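A closer look at the structure
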Amino acid sequence: MNYLIWMIICFGLIGTLLFFSLKFKWKRNVAINVMAGIAFLSEAVKLLNRIREITNDSGRIIGGYIDAKALPLHLCSILIFIFFYLALNPKKEGKRLVSFAVAVSLIGGLLGVLVATSGTSFTDISTYQSMLYHASIVWFALYFIITKQVDLGLKAFITNCLVLFSLLVVMVWINGALHEYNTNFFFTVYPPVDNIPFLTTKYGWYVYFVHLIFTGLFCLGLLSLPYIIIEIKNKKKINQA
């Protein structure tokens, strides 16, 4: 029941943001600034919720630190840096950054909502932060796709695959360096949730890692396919002319 309620909330938020952004014809920079604001608020909530207090032998609080799991190194969290870069540089088109952000936002955001990696509890702040943030980045992606302000053609597909694969390899190293804190950035250590048929460590980590890479390529390819087909058709028309 909690899961169904969260689905209604998330898709309701996506629909509401789409309604206002399209009805009132938000400009590109307005949408980016709104997304940057949401990302800032989301990250602030996550950090405040992940602060761990340090106490001495007498139980007195003598300090605090942020849990390593709160580092903005998950795929959807990395987008925060792109949102802020685009917001602080409104005159720059940033086509490659936008295409990467849109692709990751739509795929990662939808999976984040549907898989519910932070659970579905209504008493856990992490659930609110995760669900609402993922729903927001789905809106961001749909806004750019519907308003035709993004190119997800062949070049973008290749670039996005290379960037995503490079980040995946880097996260293997980072998770290795932070293994004492049980980090799982990009889900390179173990699956986001149990009982996923394809993304499972049942057959060993190497098989799981290959499946993870294939899943990313498949999702990016599926998203870019309509754009690639349009590119091919346009080239044929030009050659025939």
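Preceding this section is the structure that the text describes.
Residues numbered from 1 in each chain as written. Predicted model: local features only at pLDDT ≥ 70, side-chain atom pairs only at ≥ 80, totals over all residues. Heavy atoms only, no water.

1. Here's the deal with the overall build of the chain
Each helix and strand in the chain was counted, giving seven helices and two strands. Along the chain, from the amino end to the carboxyl end, the secondary structure elements read α-α-β-β-α-α-α-α-α. Its C-alpha atoms give the chain a radius of gyration of 20 Å, near enough to 18 Å, the size a compact globule of 241 residues would have. Dimensions of the chain, computed from C-alpha atoms along their principal axes, come out at roughly 85 × 45 × 40 Å. Across the chain, contacts joining residues at least 24 apart in sequence account for 68% of those joining residues at least 6 apart. Carbon together with sulfur atoms contributes 68% to the accessible area of the chain, which is approximately 14200 Å² in total. (Helix = DSSP H or I, 4+ residues; strand = E, 2+ residues; numbered from the N terminus. Rg over C-alpha atoms; globule rule 2.2 N^0.38 Å. Contact = heavy atoms within 4.5 Å. Areas by Shrake-Rupley, 256 points an atom, 1.4 Å probe, with all protein chains shown as cover.)

2. A word on the pattern of salt bridges
A full pass over the atoms with the stated rule returns two salt bridges. Its salt-bridge partner being Lys46, residue Glu43 comes within 3.4 Å of it at the nearest N-O pair. Pair noted here: Glu43 and Lys46 are both in helix α2 (residues 28-49), with a separation of three residues, about one helical turn. Here Glu43 matches Lys46 in class, with each residue buried. The shortest N-O distance in the salt bridge between Asp67 and Arg52 comes to 3.5 Å. With a gap of 15 residues between them, Asp67 in the loop between β2 (61-66) and α3 (75-88) and Arg52 in strand β1 (residues 51-55) connect regions that are remote in the sequence. (Salt bridge = Lys/Arg side-chain N within 4 Å of Asp/Glu carboxyl O. Buried < 20%, exposed > 50% of the residue type's maximum accessible area, 1.4 Å probe, protein only.)

3. Looking at the nonpolar core
Membership of the largest hydrophobic core comes to 55 residues, with the highest contact counts inside it found for Leu79, Phe83, Val102, Tyr133, Trp139, Phe140 and Phe144. Of all elements in the fold, only α1 (2-23), α2, α3, α4 (95-115), α5 (125-146), α6 (154-177) and α7 (205-240) reach the threshold of two or more residues within this core. For this core, the element with the highest residue contribution is α5, accounting for ten residues. Not counting chain neighbours up to four residues away, the residues in contact with Phe144 comprise Arg28, Ile32, Val98, Val102, Gln149 and Val150. (Core = buried A, V, L, I, M, F, W, Y, C linked by side-chain atoms within 4.5 Å.)

4. Observations concerning a nonpolar patch on the surface
On the surface, Met1, Tyr3, Leu4, Ile5, Ile9, Phe11, Leu114, Tyr128 and Leu132 cluster together into a nonpolar patch covering about 800 Å² of accessible area. Residue placement: Met1 occurs in the segment before α1. (Patch = residues over 30% accessible without salt bridge, like charges linked within 9 Å, V, L, I, M, F, W, Y side chains within 5 Å.)

5. Focus on the layout of surface pockets
Roughly 1300 Å³ of internal volume is contained in the largest pocket. Taken together, 45 residues form the lining of the largest pocket, with His74, Thr117, Phe186, Phe187 and Pro192 sitting closest to its centre. Secondary-structure elements contributing two or more residues to the lining of the largest pocket are α2, α3, α4, α5, α6 and α7. Broken down by element, the residue count for the lining of the largest pocket peaks at seven residues, all from α7. (1 Å grid on protein atoms, 1.4 Å probe; cavity = no way out; pocket = protein on both sides within 12 Å on 5 of 7 lines; lining within 4 Å. Points joined across faces, edges and corners; volume = space filled by probe spheres on them.)

6. A word on unusual backbone geometry
With a phi angle near 55 degrees, Lys148 is a residue other than glycine that sits in the positive phi range. Here Lys148 is to be found in the loop between α5 and α6.

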